[in-house]
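The residues making up each chain are set out below.
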Amino acid sequence: MAGLTVGFGEYTHAIVRGVPASLPKEALRMNEANDDVDLARARREHELYVGVLMHKLGLQIVELPVDDSLPDSVFVEDAAVVCGDTALITRPGALGRRKETEIVKKALTDLHLNIVEMIDESATLDGGDVLFTGREFFVGLSKRTNQRGAEILADAFKDYAVSTVPIYDALHLKSFCSMAGPGLLVIGSSDGAQKALKVFERLKDHMLIPVPLTQMAKVDGSLSCCSILVNKRREM
Ligand code: CIR
């Protein structure tokens, strides 16, 4: 991916929110059979996660208060999309999660970000459906996020192209893919992930150009063997 934003993947703060006591029984789930969440363990794991953000990545932690009346509120990502100085406060697809945005909005306001709110009542969007590559957005159209939500996101972040990806077998786009570094997208191997990958492949900027190399392959040749790549744009 060429033309990545300078500073992509560099952060100073992380907003987190602890695990509510209501999560094991009341948090939403695709598989209702998953009814054996261990709260103490979930809390220990969350503490470790926050510890990594703070001590290993050096981020300043903004810890929002635990709210037992909001069983999914530990998943703060869904409540806002932040890019540069702009924070889009979402309208989560699950009705019971809408209130989660209030305190997230306050925290982002306190960090002096420009706040854009998704007030259109026909729009829904979960942050988990939004993947920013550094130069463009992909928005998963899922059970939680609709086309209108994607349009409002495109309007909030006008500097970037926005493409949509239909999501079939997962909750969110980022349930199976993520940026692993500048220009590096990691994607799972599930059927749903592979279906979405086909959409990525069709996108103009990510067009894969099939080059048959059947004969060279017989003598162990592969694509990279067949050229020397040179960059003369910068002095080495
Ligand atoms: C939900 O169904 O909304 C939550 N139980 C899980 C949300 C996970 N969100 C995310 O990874 N961005």
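Because the structure is predicted, anything quoted here is derived from the model rather than measured.

## Some words on the overall build of the protein
A count of helical and extended segments in the protein gives 6 helices and 10 strands. The long-range share in the protein, meaning contacts at least 24 apart out of those at least 6 apart in sequence, stands at 68%. Carbon and sulfur atoms make up 55% of the accessible area of the protein, which amounts to about 14800 Å² in all.

## So, the site of the ligand
If you check the shell around the ligand, you find Leu 28, Asp 72, Phe 75, Glu 77, Asp 78, Arg 97, Gly 128, Arg 144, Leu 171 and His 172 and nothing else. Here Asp 72 contributes a side-chain N or O atom positioned 2.7 Å from a nitrogen atom of the ligand. One nitrogen or oxygen atom from the side chain of Asp 78 is found 2.8 Å from a nitrogen atom belonging to the ligand. When isolated, the ligand has an accessible area of 340 Å², and the protein chains bury 81% of it. The residue inventory of the shell around the ligand, partitioned by class, reads 3 nonpolar, 2 polar and 5 charged.

## Some remarks on the layout of surface pockets
Counted as a void, the second largest pocket has a volume near 180 Å³. Around the second largest pocket, the lining residues are Ile 89, Thr 90, Arg 91, Pro 92, Arg 98, Thr 101, Glu 102, Lys 105, Glu 117, Met 118 and Ile 119. Looking at the lining of the second largest pocket, the element that brings in the most residues is helix α3 (residues 100-110), giving 3 residues. Grouping the constituent residues of the lining of the second largest pocket by class yields 4 nonpolar, 2 polar and 5 charged.

## Quick notes on helix α4 (residues 147-156)
Within α4, burial applies to Gly 149, Ala 150, Ile 152, Leu 153 and Ala 156. Viewed end-on, α4 has its buried residues packed into an arc of 160°, placing them on one side of the element. Elements that come into contact with the buried residues of α4 comprise β3 (80-83), β4 (86-89), β5 (114-117), β6 (130-132), β7 (136-141) and β8 (161-166).

## Side note on the pattern of salt bridges
All told, the structure shown has 13 salt bridges when counted by the stated rule. For Arg 41, the salt bridge is made with Glu 45, and the minimal N-O distance between the two is 3.3 Å. One end of the pair, Arg 41, and the other, Glu 45, are both in helix α2 (residues 39-56), 4 residues apart, so they sit about a helical turn from each other. As a salt-bridge pair, Asp 120 and Arg 148 come within 2.7 Å of each other at their nearest N and O atoms. Remark: Arg 148 occurs in helix α4 and Asp 120 occurs in the loop between β5 and β6; sequence separation between them is 28 residues. Classification of Asp 120 as partly exposed rests on a relative accessible area of 24%. Since its relative accessible area comes to 32%, Arg 148 is described here as partly exposed. What emerges from the salt-bridge pattern is a single network uniting Asp 78, Arg 97 and Glu 100.

## Here we look at the sheet that holds β3
Taken together, the 3 strands give an open sheet; going across it, the order is β3-β4-β5, and neighbouring strands pair in mixed fashion. Sheet topology places β3 and β5 at the edges, where each strand pairs with a single neighbour. If you compare each strand with its neighbour and ignore which way they point, the axes differ by 20° on average. Where β3 lies against β4, 4 bridges are found, and the strand directions are antiparallel. Bridge assignment links Val 81 to a residue of β4, and that residue is Leu 88. Where α4 meets the sheet, it contacts β3, β4 and β5, and its direction lies at approximately 160° from that of β4.

## Considering the packing of aromatic side chains
One pass over the structure, following the stated rule, counts 4 aromatic pairs. When the centroid spacing of 4.9 Å and the interplanar angle of 80° are considered together, the rings of Phe 132 and Tyr 160 count as edge-to-face. Note that Phe 132 is positioned in strand β6 and Tyr 160 in the loop between α4 and β8, a separation of 28 residues in sequence. By relative accessible area, Phe 132 is classed as buried at 19%. Among the aromatic residues, those joined into a cluster by ring pairs are Phe 132, Phe 137, Phe 157 and Tyr 160.

Cut-offs and rules
Residues numbered from 1 in each chain as written. Predicted model: local features only at pLDDT ≥ 70, side-chain atom pairs only at ≥ 80, totals over all residues. Heavy atoms only, no water. Helix = DSSP H or I, 4+ residues; strand = E, 2+ residues; numbered from the N terminus. Contact = heavy atoms within 4.5 Å. Areas by Shrake-Rupley, 256 points an atom, 1.4 Å probe, with all protein chains shown as cover. Near = heavy atom within 4 Å. Polar contact = N/O pair within 3.5 Å; in protein donor to acceptor, adjacent residues only side chain to side chain. Nonpolar A, V, L, I, M, F, W, Y, C, P; charged D, E, K, R; others polar. 1 Å grid on protein atoms, 1.4 Å probe; cavity = no way out; pocket = protein on both sides within 12 Å on 5 of 7 lines; lining within 4 Å. Points joined across faces, edges and corners; volume = space filled by probe spheres on them. Buried < 20%, exposed > 50% of the residue type's maximum accessible area, 1.4 Å probe, protein only. Arc of directions from axis to C-beta. Salt bridge = Lys/Arg side-chain N within 4 Å of Asp/Glu carboxyl O. Pairing = 2+ DSSP bridges. Axes fitted to C-alpha atoms, helices over the stretch in contact; angles between N-to-C directions. Phe/Tyr/Trp six-rings, centres within 6.5 Å; stacked < 30°, edge-to-face > 60°.

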